[in-house]
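Single-letter residue listing:
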Amino acid sequence: MTQGVKSLTEGAPGRVLWKYSVPLFVSVIFQQIYSIADSVIAGKYAGEDALAAVGDSYPVTMIFMAIAIGCNIGCSVVISRYFGAGKFREMKCAVSTTLTAALALSAALTVLGLLFSSALMKMIVTPENIFEDSLLYFRIYIGGFVFLFLYNIATGVFTSLGDSRTPLWFLIGSSLGNIGLDYWFVAVLNFGVAGVAWATFLAQGLACILALLALRRRVAAVETDGRAQLFSWAMFGRIARIAGPSILQQSFVSVGNIFIQRLINSNGSSVIAGYSAAVKLNTFTITSFTTLGNGVSNFTSQNIGAGREERVSAGFKAGVAMAYMIAVPFVAAFLFAGAPLVRFFMKEETELAVRTGVEFLRIVSPFYFLISLKLIADGVLRGGGAMVQFMVSTLTDLVLRVVLAYVLYACWGTTGIWLSWPIGWAVAAILSLAFLRGGCWKSENARRLKKI
């Protein structure tokens, strides 16, 4: 088999998934380190308002990022299925079709983002004192969105081929470069919020170009029984059947976060800054679980493609074990060291900002064991093509969190907003586990995808 390409259908399922997932988790660490570095450097060297500005635009940038993540998931499942079945010509067609569609979609989204940037900032009720900085950060971010989108697609293709190490090296380089540029632009050159955005733009752009060059070489080295099509509408439809629901799921979550951000923004920049710091830490944890879930998706999809569905249950158990090992230190840190972690983001913190961040972390972190279980179960559902069930569970979580945030806010203020998280997670986890036990991932929907 071509170097760097690895089947997930052979060997003890638990050991295979652990070996495959560890680089994915390390990737998450570096990805979140540079995301956190943006906020830390902004807060330490440009002040609380700069931290609030970066955090304020975060839910809007995540709408765009959600589409990239959804496409990543869609292409990964389909490419994994072809790879597991040994259909390498179709696999190559899926790769080139995805990249072509991603380039067109990301270019269109960039134009839309730039045109409606001001309206989006007003939609989330950005406070006047941070409006210009939030808008500037968002516009620079969107200017580099094509790089971010294509980089996510490239990493999705690598992981669908069983290679979780190559994306790790690109991410390490990109993260270290981003942190170095952050410090140079903000602490040395005093570029403020613009420096944070340009650091991400440049680091992500270079990583994208290098990843695409490596991917082209990797895919070209795979031998096929004929020339693969560069673009196929039929293949695009197959990818869209998985990517579409994933994009909607990710986008709905981001839109829901915007409604929640509106509530938070009405409480002033100190609350925004405290929440921004805490939600960065929370995102670190949730992204770790999500990445493991994506690994379980690729594992599930490859094994279904190879006709080895019996391995999926063992993969699910291994995924849960890894998720719980990750959850323990995060829960302990957020419960017992929340205050210093939140202060780490700030130069001259206010008592309200710190109290806000600590309260959020103490309310949500004990429920990481529950949300991780849901996200690993979702990995099996998605990898098996059970997208309806996957959407039902995820949207239930979203709707509950948004509705309860507004209801509980009226009773307990921002504390009520934080309480909506664990309630939504609990109900959604029950649904995902019920769907998993029902076997829908290996029913008619999965069998139809197996034939592609």
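Okay, so let's go over this structure. (Residues numbered from 1 in each chain as written. Predicted model: local features only at pLDDT ≥ 70, side-chain atom pairs only at ≥ 80, totals over all residues. Heavy atoms only, no water.)

1. Brief notes about the overall build of the chain
Right, on to step 1. Helix and strand counts for the chain stand at 17 helices and zero strands.
Right, on to step 2. In terms of its C-alpha atoms, the chain occupies a principal-axis envelope of roughly 65 × 45 × 35 Å.
Right, on to step 3. Considering only residue pairs separated by 6 or more positions, the chain has 85% of its internal contacts joining residues 24 or more positions apart.
Right, on to step 4. For the chain, the exposed surface amounts to about 17,300 Å²; the carbon and sulfur share of it is 66%.
Right, on to step 5. For the chain, the centre of its 35 positive side-chain charges and the centre of its 22 negative side-chain charges are spaced 12 Å apart. (Helix = DSSP H or I, 4+ residues; strand = E, 2+ residues; numbered from the N terminus. Contact = heavy atoms within 4.5 Å. Areas by Shrake-Rupley, 256 points an atom, 1.4 Å probe, with all protein chains shown as cover. Lys, Arg positive; Asp, Glu negative; His and termini not counted. Charge placed at Lys NZ, Arg CZ, Asp CG, Glu CD.)

2. Let's talk about the packing of helix α3 (residues 88-115) against helix α9 (residues 233-265)
Right, on to step 1. Running from N to C, α3 and α9 point in directions that differ by 80°, and their axes come no closer than 9 Å. Between α3 and α9, the angle is such that the two are roughly perpendicular. Contact with α3, carried on its side by Glu90, Cys93, Ala94, Thr97, Thr98 and Ala101, involves Met235, Phe236 and Ile239 of α9 and no other residues of that element.
Right, on to step 2. Class assignment of the residues belonging to the contact of α3 with α9 gives a composition of six nonpolar, two polar and one charged. (Axes fitted to C-alpha atoms, helices over the stretch in contact; angles between N-to-C directions. Parallel < 35°, antiparallel > 145°, perpendicular 65-115°, else oblique. Nonpolar A, V, L, I, M, F, W, Y, C, P; charged D, E, K, R; others polar.)

3. Observations regarding the packing of aromatic side chains
Right, on to step 1. Taken as a whole and assessed by the stated rule, the structure comprises 21 aromatic pairs.
Right, on to step 2. Ring plane angle 50° and centroid distance 5.8 Å describe the contact between phenylalanine 330 and phenylalanine 334, whose orientation is recorded as tilted. One end of the pair, phenylalanine 330, and the other, phenylalanine 334, are both in helix α11 (residues 312-336), four residues apart, so they sit about a helical turn from each other. Both residues of the pair, phenylalanine 330 and phenylalanine 334, count as buried.
Right, on to step 3. Summarising the aromatic geometry, the rings of phenylalanine 334 and tyrosine 368 are spaced 6.1 Å apart at their centres and angled 75° between planes, so their arrangement reads as edge-to-face. Of this pair, phenylalanine 334 sits in helix α11 while tyrosine 368 sits in helix α14 (residues 368-383), and the two are 34 residues apart along the sequence.
Right, on to step 4. Here the aromatic cluster, defined as three or more aromatic residues joined through ring pairs, consists of Phe284, Phe289, Phe330, Phe334, Tyr368 and Trp425. (Phe/Tyr/Trp six-rings, centres within 6.5 Å; stacked < 30°, edge-to-face > 60°. Buried < 20%, exposed > 50% of the residue type's maximum accessible area, 1.4 Å probe, protein only.)

4. Concerning the state of the cysteines
Right, on to step 1. Counted under the stated rule, the structure contains zero disulfides.
Right, on to step 2. Looking at cysteine 71, it has no disulfide partner, and the nearest cysteine sulfur is the one in cysteine 75, 7.8 Å off.
Right, on to step 3. Look at cysteine 71 and you get buried, because its relative accessible area is 11%. (Disulfide = S-S within 2.5 Å.)

5. Regarding unusual backbone geometry
Right, on to step 1. Phi at asparagine 190 is positive, roughly 60°, even though this residue is not glycine.
Right, on to step 2. Looking at the element boundaries, asparagine 190 is found in the loop between α7 (166-188) and α8 (193-220).
Right, on to step 3. Judged by its relative accessible area of 60%, asparagine 190 falls in the exposed class.

6. Let's talk about the pattern of salt bridges
Right, on to step 1. By the definition in use, this model includes six salt bridges.
Right, on to step 2. A salt bridge links glutamate 351 to arginine 355; the nearest nitrogen and oxygen atoms lie 3.5 Å apart. Taken together, the positions of glutamate 351 and arginine 355, both in helix α13 (residues 351-364) and four residues apart, correspond to about one turn of that helix.
Right, on to step 3. When its relative accessible area of 63% is taken as the criterion, glutamate 351 is described as exposed.
Right, on to step 4. You can call arginine 355 partly exposed: its relative accessible area is 47%. (Salt bridge = Lys/Arg side-chain N within 4 Å of Asp/Glu carboxyl O.)

7. Quick look at helix α10 (residues 269-305)
Right, on to step 1. Helix length check: α10, at 37 residues, gives a terminal C-alpha distance of 51 Å against a target of 54 Å (1.5 Å per residue), a fit within 8%.
Right, on to step 2. Burial of α10 is extensive: 35 of the 37 residues sit out of reach of the surface.
Right, on to step 3. Directly beyond the C-terminal end of α10, a positive phi value near 75° is found at glycine 307. (Expected span 1.5 Å × (residues − 1).)

8. Observations concerning a negative patch on the surface
Right, on to step 1. Taken together, the side chains of Asp49, Glu128, Glu132 and Asp133 define an acidic patch exposed on the protein surface.
Right, on to step 2. Broken down by element, the residue count for the negative patch peaks at three residues, all from helix α5 (residues 128-143).
Right, on to step 3. Along the chain, aspartate 133 turns up in helix α5. (Patch = residues over 30% accessible without salt bridge, like charges linked within 9 Å, V, L, I, M, F, W, Y side chains within 5 Å.)

9. Comments concerning the environment of leucine 109
Right, on to step 1. When you line up the elements, leucine 109 lands in helix α3.
Right, on to step 2. Separated by 42 residues in the primary sequence, leucine 109 and isoleucine 67 have C-alpha atoms spaced 9.5 Å apart.
Right, on to step 3. Leave out the neighbours within four places in its chain, and leucine 109 touches Phe64, Ile67, Phe145 and Phe149.

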